[in-house]
Amino acid sequence: MGKSKRTLCVGTALAVMVQPAIAAAQAAEAPQTASDEESEAIVVTANKREQNINDVGLTITALSSDAIASRKITSLADVAAAVPGLAYSPSTTNTPIFTLRGVGFNESSLGVYPAVSVYADEVPMPFPVTASHAAYDLARIEVLKGPQGTLFGQNSTGGAINYIVAKPTDTFEAGGDIGYGRFNTVEGNAYISGPLSSTLGARLAVTGLNSDDWQRSNSRPTDTNGKQSYVAGRLILEFKPSDALRFSLNLNAWRDKSDPQAQQLVAVRPQVPAIATAVNLAGLAAAQFSPLDARAADWSTGVGEPRGDRKFYQASLRMDADVTSGVTLTTLTSYNDYKQTQVTDGDGLPLVLFDLIKNDGFIKSFNQEVRLANSGKSAFRWVVGANYEDSHTFENQDLSYADSTNNAPAQFNINRSAVTNDQRIRNYALFANAEYAITSQLTFKAGARYTSSRNNAAICGYSPGDGNVAAFFNLLGSLNLGGLDPAPTFTPIDGTGCYTLNAKFVPGEVFRKTLKEDNVSWRAGLDFKASDDVLLYANVSRGYKAGSFPSLAAANFTALTPVTQESVTAYEGGFKAELADRKVQLNGAVFYYDYKDKQIRGKLLDPIFGILDVLQNVPKSRIFGLEGDVTVRPVEGLTLSASATYLESKIKTYTSVNVLGLTNDFGAFGDALPFTPKLSYGINADYKIETAGGGKPFIGFTVAGRSSSDAAPGGSRIVYPAAPLTRVLPGLTNVYKLPSYTTVDARIGYEAANGQWRVMVWAKNLLNEYYLTNVIASSDTTARFAGRPATYGVTIGFKVM
């Protein structure tokens, strides 16, 4: 599609969408006095300053503190469920994956940048796992859709999620809640806030959860998995020595000792049955599929039993200094420290086919931002600044596959391999953004960011345990597979040596490579105030995501090649309208993404190990979408809302091996991008009425749904061929298709006068809908992750003021 056609497509759709909003605004009655709840404006910081959400020409989903509490949004999965167009997927390594409007990176390595970045008060959590426990004691959550590279930096090609934490209060205040639910879940939250002096305020918040196992073993009826156990805390100190100088210190940490989720077996396809032992083939032949039950799964016992211990610490300091009456200098300094030791099972069986018996690592990341901005009250509003990041990530994966078809005498009984991935990353950026009010109604916006990144990687595949992998690769190294003259010489390796074959096809060398990249992200657009209550906007922007290296036990250096940076050029138009005396909020947007070099975790057919994972770039793809939401307050106390996102994605150019090891031209088939349902939607209703005594009974429900999507490129087309020893769960045709689903949440309760105490009975996934979040292939099997089953409980809260 040419640029002119894209513009025409977006413009035509926008005109159709905004016409009803303008007509309704013109026909609205004269303003009337609204209740405090109805008239309260939603304030966001998408442009790094506080603004009414209806004055910001971007597509934003904002979740208030009341919505977060009443809907019990406490995890990354909860956030995704509450935002149409946002998908959350777990992974074999327990690393979360976000996809927003079809833009995401299905890579599970610890030290990989996301396509949807997460922040807390604009402080970056640069790697996905570090954001696992930030959704507590919040003022709101802002989800910014579309490339956000200008102000939020690279690695936000899909968008950005900004947690706005609750701040110290001007007077003493304390509160909390405690709840009990299914699986013996005990959950608690508490905070205390107030001034320590005339210039110093503080707020301390803690949260924690402990529950029993929720998964049941298919092969061992009394064995269970899935306990949850975590605690998190945050201390905020705000120091205001003068009106012109302000400091905010945020110290937060969490520890999570929950079990990684086990998977459900759905397909068996031995990779190398010709050389496999009879014992291993018999084990696969007897492998038990999981029933269609969210609680059903299977895993190994002993050294391969899932368990985890993850720790995170963060310190950030913000300074705002008014250089003049209209210009403010802001500095944001932060340091993140993350460490994990965990074991995960990647095959959904009690057999040892793909067990990460060690999945350890750490992240240390320093970030600095400095910016100057004017007050935003003039016709010309601007911000200029710079960013610097210095990160060190390390991952050590030890993969055991003793029961797989690779473990055979003809292949040196290879049954275990490991890899370390040590990355040292440095990024710096310069950015500027400006808005100019051409007239009282029309505003022009433009911004750009230059980013330079450097990633030094050192990757070593080694042979723990019996050292059979080292012996096998010593043999391969002696065969002169490259046909070089003279034949290369090498020193045979032991179990600690790096076995991956280098460019000369001999082992013993650490894979070392530096990935240097730079780019310019930009945005330009127009905002038009059709009336005091209607905003029209149109934007064109481009964002980039940095390349990265894989954590893979590869047979040769080629498989360790990094993906290079991807880009998204977005064309978007939309409207925001407050109607009927602010009792109706109507928003809509239409967009087109030109997606180049999309990063993906694909497959390659390795002559030694069979089908292996590899990082690849999809040269060309595109996404077209429509998005809309409406909120109506027909009577006092009743709030009704609905939202939906429609996506049509297409791979245009990409040829590679699919999960079955067959070469596919994905572009010729026009396959959809993974984790991109055509339709995602949400419906929410809350009713709260004040009694004569001041108490407020309330009731509410939330419906969230997604249409089907693919968990791998071409997933809807992949059908396992009939072959000896190949089996698929009966009734299942497309193994890598995520079926459509709808979940229902509900709550009912009572809040005392002045909010002094509150009790709520709640249920999540009330109808116990069985749904899937990911499907992953391992060496001889394919298994999938199921969403959580129905959970329910009661929560009692209190507040002291």
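Residues numbered from 1 in each chain as written. Predicted model: local features only at pLDDT ≥ 70, side-chain atom pairs only at ≥ 80, totals over all residues. Heavy atoms only, no water.

**Some details on the overall build of the protein**
Link 1 in the chain: When helices and strands are counted, the protein shows 8 helices and 43 strands.
Link 2 in the chain: Against the compact-globule benchmark of 28 Å for 801 residues, the protein has a radius of gyration of 27 Å, which places it among compact chains.
Link 3 in the chain: Over its C-alpha atoms, taken along the principal directions, the protein stretches across nearly 85 × 55 × 55 Å.
Link 4 in the chain: In the protein, which comprises 801 residues, the share counted as buried stands at 57%.
Link 5 in the chain: For the protein, contacts bridging at least 24 residues in sequence account for 70% of all contacts bridging at least 6. (Helix = DSSP H or I, 4+ residues; strand = E, 2+ residues; numbered from the N terminus. Rg over C-alpha atoms; globule rule 2.2 N^0.38 Å. Buried < 20%, exposed > 50% of the residue type's maximum accessible area, 1.4 Å probe, protein only. Contact = heavy atoms within 4.5 Å.)

**Some remarks on the state of the cysteines**
Link 1 in the chain: Applying the stated criterion across every chain, the model contains 1 disulfide.
Link 2 in the chain: For Cys460, the disulfide goes to Cys498, at an S-S distance of 2.0 Å. A torsion of -115° about the S-S bond marks the disulfide between Cys460 and Cys498 as left-handed. Of the two residues, Cys460 is situated in strand β25 (residues 442–462) and Cys498 in the loop between α7 (468–478) and β26 (511–531); the sequence distance between them amounts to 38 residues. Exposure class is identical for Cys460 and Cys498. Each is buried. (Disulfide = S-S within 2.5 Å.)

**Observations concerning the environment of Ile459**
Link 1 in the chain: Here Ile459 lies in strand β25.
Link 2 in the chain: Ile459 sits in the buried class, given a relative accessible area of 2%.
Link 3 in the chain: For the pair Ile459 and Phe511, spaced 52 residues apart in sequence, the C-alpha separation works out to 5.1 Å.
Link 4 in the chain: With sequence-adjacent residues up to four places away left out, Ile459 is seen in contact with Val419, Thr420, Asn421, Val510, Phe511, Phe549, Pro550 and Leu560.

**Here's the deal with the sheet that holds strand β4 (residues 86–89)**
Link 1 in the chain: Across the sheet, which stays open at both edges, the 3 strands sit in the order β4-β5-β6 with antiparallel pairing between neighbours. Taken across any chain shown, the strands that pair with only one partner, and hence form the sheet edges, are β4 and β6 (103–104). (Pairing = 2+ DSSP bridges.)

**A few points about the environment of Gly447**
Link 1 in the chain: Along the chain, the position of Gly447 falls in strand β25.
Link 2 in the chain: For the pair formed by Gly447 and Ser108, sequence separation is 339 residues and the distance between their alpha carbons is 32 Å.
Link 3 in the chain: Apart from residues no more than four positions distant in its own chain, Gly447 is found in contact with Thr150, Ala432, Asn433, Ser521, Trp522 and Arg523.

**Points about unusual backbone geometry**
Link 1 in the chain: With an omega dihedral of 5°, the bond running from Asp485 to Pro486 counts as a cis peptide bond.
Link 2 in the chain: Topologically, Pro486 is positioned in the loop between α7 and β26.
Link 3 in the chain: Even without being a glycine, Asn480 presents a positive backbone phi close to 50°.
Link 4 in the chain: Relative to the assigned elements, Asn480 resides in the loop between α7 and β26.
Link 5 in the chain: Positive phi is not limited to glycine here, since Asp597 has a value of about 60°.

**Structural notes on the packing of aromatic side chains**
Link 1 in the chain: A full pass over the atoms with the stated rule returns 19 aromatic pairs.
Link 2 in the chain: Between Phe362 and Phe394, the ring centres sit 5.6 Å apart and the planes meet at 25°, which makes this aromatic pair stacked. With Phe362 in strand β22 (residues 355–374) and Phe394 in strand β23 (residues 380–400), this residue pair connects regions lying 32 residues apart in the sequence.
Link 3 in the chain: For Phe362, a relative accessible area of 22% gives the class partly exposed.
Link 4 in the chain: With relative accessibility at 23%, the residue Phe394 sits in the partly exposed group. (Phe/Tyr/Trp six-rings, centres within 6.5 Å; stacked < 30°, edge-to-face > 60°.)

**Focus: helix α6 (residues 278–285)**
Link 1 in the chain: Buried residues of α6: Asn280, Leu281 and Leu284, and no others. Relative to the axis of α6, the buried residues are bounded by an arc of 100° and lie together on one face. Seen from the buried face of α6, the exposed residues on the opposite side, beyond 90 degrees, are Ala278 and Val279. (Arc of directions from axis to C-beta.)

**With respect to the pattern of salt bridges**
Link 1 in the chain: Applying the stated criterion across every chain yields a total of 35 salt bridges.
Link 2 in the chain: Lys764 is the partner of Asp78 in a salt bridge, and the nearest nitrogen-oxygen pair spans 3.2 Å. Of this pair, Asp78 sits in helix α4 (residues 76–82) while Lys764 sits in strand β40 (residues 757–764), and the two are 686 residues apart along the sequence.
Link 3 in the chain: Classification of Asp78 as buried rests on a relative accessible area of 16%.
Link 4 in the chain: Here Lys764 falls in the buried class, since its relative accessible area comes to 18%.
Link 5 in the chain: Across the pair Arg310 and Asp256 runs a salt bridge whose closest N-O atoms are separated by 3.4 Å. One end of the pair, Arg310, is in strand β20 (residues 307–322); the other, Asp256, is in strand β17 (residues 245–256), with 54 residues separating them in the sequence. In terms of burial, Arg310 and Asp256 fall into one category: buried.
Link 6 in the chain: Because the salt bridges share partners, they merge into one network encompassing Lys48, Glu122, Arg318, Asp320, Glu369 and Arg371. (Salt bridge = Lys/Arg side-chain N within 4 Å of Asp/Glu carboxyl O.)

**Here we look at the pairing of strand β41 (residues 772–777)**
Link 1 in the chain: Taking burial as the measure, the 6 residues of β41 include 6 buried ones, the bulk of the element.
Link 2 in the chain: Pairing geometry for β41 and strand β42 (residues 781–786), over 5 bridges, is antiparallel. Bridging across to β42, Leu772 finds its partner in Ala786.
Link 3 in the chain: The antiparallel hairpin formed by β41 and β42 contains 3 residues in its connecting segment.

**Focus: a positive patch on the surface**
Link 1 in the chain: There is a patch of like positive charges on the surface, built from Lys596, Lys620, Lys650 and Lys652.
Link 2 in the chain: Among the structural elements, Lys652 can be located in strand β31 (residues 638–653).
Link 3 in the chain: Looking at Lys652, the relative accessible area reads 36%, which means it is partly exposed. (Patch = residues over 30% accessible without salt bridge, like charges linked within 9 Å, V, L, I, M, F, W, Y side chains within 5 Å. Areas by Shrake-Rupley, 256 points an atom, 1.4 Å probe, with all protein chains shown as cover. Lys, Arg positive; Asp, Glu negative; His and termini not counted. Charge placed at Lys NZ, Arg CZ, Asp CG, Glu CD.)

**Observations regarding the nonpolar core**
Link 1 in the chain: Counting 29 residues, the largest nonpolar core has Phe473, Ile608 and Phe609 as the members making the most contacts within it.
Link 2 in the chain: Of all the elements in the fold, those that place two or more residues in this core are β25, α7, β26 and β30 (610–632).
Link 3 in the chain: At 5 residues, α7 tops the list of elements feeding residues into this core.
Link 4 in the chain: Apart from the residues within four sequence positions on either side, Ile608 is in contact with Asn406, Gln411, Phe472, Phe473, Leu476 and Ala555. (Core = buried A, V, L, I, M, F, W, Y, C linked by side-chain atoms within 4.5 Å.)

**A closer look at the side chain of Ser649**
Link 1 in the chain: Position of Ser649 among the secondary structure elements: in strand β31.
Link 2 in the chain: A distance of 3.0 Å separates a polar side-chain atom of Ser649 from the backbone nitrogen of Leu673.
Link 3 in the chain: Those residues in contact with Ser649 that sit more than four places away from it in its chain are Arg622, Ile623, Asp671, Ala672, Leu673 and Thr676. (Polar contact = N/O pair within 3.5 Å; in protein donor to acceptor, adjacent residues only side chain to side chain.)

**Considering the confidence of the model for the protein**
Link 1 in the chain: Of the residues in the protein, 95% have a pLDDT of 70 or more, and the chain-wide mean is 91.
Link 2 in the chain: Throughout residues 1–39 the model reports pLDDT below 50, and contacts reaching past four residues in sequence, or to other chains, amount to 50 contacts. (pLDDT = per-residue confidence, 0-100.)

**Observations regarding the pairing of β25**
Link 1 in the chain: Bridge count between strand β24 (residues 416–437) and β25: 20 bridges; the pairing is antiparallel. Bridge assignment links Asn433 to a residue of β25, and that residue is Gly447.
Link 2 in the chain: Taking the residues between adjacent antiparallel strands as the criterion, β24 and β25 are bridged by 4 residues.
Link 3 in the chain: Pairing analysis gives 18 bridges linking β25 to β26, with the strands arranged antiparallel. For Phe444, the partnering residue across the bridge sits in β26 and is Leu526.

**Quick notes on a nonpolar patch on the surface**
Link 1 in the chain: A cluster of nonpolar side chains, Ile178, Tyr180, Val186, Val635, Tyr687, Ile689, Ile699, Ile748, Val761, Val794 and Ile796, forms an exposed patch at the surface whose accessible area comes to about 930 Å².
Link 2 in the chain: The set of elements that each furnish at least two residues to the nonpolar patch consists of β11 (173–181) and β43 (791–800).
Link 3 in the chain: For Tyr687, the position within the fold is in strand β34 (residues 679–688).

**Details of the environment of Ala555**
Link 1 in the chain: Tracing the backbone shows Ala555 in the loop between β27 (534–545) and β28 (566–579).
Link 2 in the chain: Given the relative accessible area of 0%, Ala555 is considered buried.
Link 3 in the chain: Along the primary structure Ala555 and Ile608 are separated by 53 residues, whereas in three dimensions their C-alpha atoms are 7.0 Å apart.
Link 4 in the chain: Apart from the residues lying within four places of it in its own chain, the contact partners of Ala555 are Phe473, Thr500, Leu501, Asp606, Ile608 and Phe609.

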